[in-house]
Amino acid sequence: MATFTLDKVHSGIAFQVKHMMVSKTKGEFTNFDVQIDGDVNNLEAAKWTVTIDAASIDTNNEDRDNHLRSGDFFDVENHPQITFVSDSIKKASDDEYEVTGQLTIKGVTNTETFEVEFNGTSKNPMDGSTIAGFDGEGKVNREAYGLTWNAPLETGGVLVAKDVKFSANFEFVVGE
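First, a word on what this report is: a plain description of the structure on this page. (Residues numbered from 1 in each chain as written. Predicted model: local features only at pLDDT ≥ 70, side-chain atom pairs only at ≥ 80, totals over all residues. Heavy atoms only, no water.)

A closer look at the environment of Thr130
Inspection of the secondary structure puts Thr130 in strand 10 (residues 130-141). What makes Thr130 partly exposed here is its relative accessible area of 21%. Along the primary structure Thr130 and Val174 are separated by 44 residues, whereas in three dimensions their C-alpha atoms are 5.4 Å apart. Residues within four places of Thr130 in sequence aside, it is in contact with Thr121, Ser122, Lys123, Phe172, Val173 and Val174. Within the local environment of Thr130, its side chain forms a polar contact with the side chain of Lys123, the two groups lying 3.0 Å apart. (Helix = DSSP H or I, 4+ residues; strand = E, 2+ residues; numbered from the N terminus. Buried < 20%, exposed > 50% of the residue type's maximum accessible area, 1.4 Å probe, protein only. Contact = heavy atoms within 4.5 Å. Polar contact = N/O pair within 3.5 Å; in protein donor to acceptor, adjacent residues only side chain to side chain.)

Examining unusual backbone geometry
The phi dihedral of Met20 is positive, around 55 degrees, even though this residue is not glycine. Tracing the backbone shows Met20 in the loop between strand 2 (12-19) and strand 3 (23-29). Residue Met20 is classed as partly exposed on the basis of its relative accessible area, which comes to 40%. Of note in the backbone geometry, Met21 takes a positive phi value of approximately 70 degrees without being a glycine. In this structure, Met21 sits in the loop between strand 2 and strand 3.

Quick notes on a nonpolar patch on the surface
Together, Met20, Met21 and Val22 make up an exposed nonpolar region whose accessible area comes to about 310 Å². For Met21, a relative accessible area of 43% puts it in the partly exposed group. (Patch = residues over 30% accessible without salt bridge, like charges linked within 9 Å, V, L, I, M, F, W, Y side chains within 5 Å. Areas by Shrake-Rupley, 256 points an atom, 1.4 Å probe, with all protein chains shown as cover. Salt bridge = Lys/Arg side-chain N within 4 Å of Asp/Glu carboxyl O.)

Pasting the structure below:
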């Protein structure tokens, strides 16, 4: 079984949500860790664990970020982490996988499936190490996790959509 060490400098977790029914607000989580237990040659048998520091949310607006950290949304004081632990990995095509597992946000756990693309491996010319890359994406209903704060708009609709789209890129140093 290989060891996968996350290269945080070359990794990221971003999201976007519709704002006022007409545009998208984007952000990212700046502090997270990803562990993979398994073999790069048998990804269907691997186990993924993703841990995100909810307070590390960054939408490039301090007031909005503080609101997102509050009890109206993530309640980071009582629920400091967002976690995802895989239950199964199913190969969808040559390099694409469906990773299903338990996502926990604000103390609520639901089963979610994310699309993950394995970008292959490469040798790092600086030190000869083996590098593996993955891209992932998915969508979750924030209201299913108790993130239900909203405000109605005069023109109809709401301030914040319920569906949040996620995208992630992860680079790992793979060792024996």
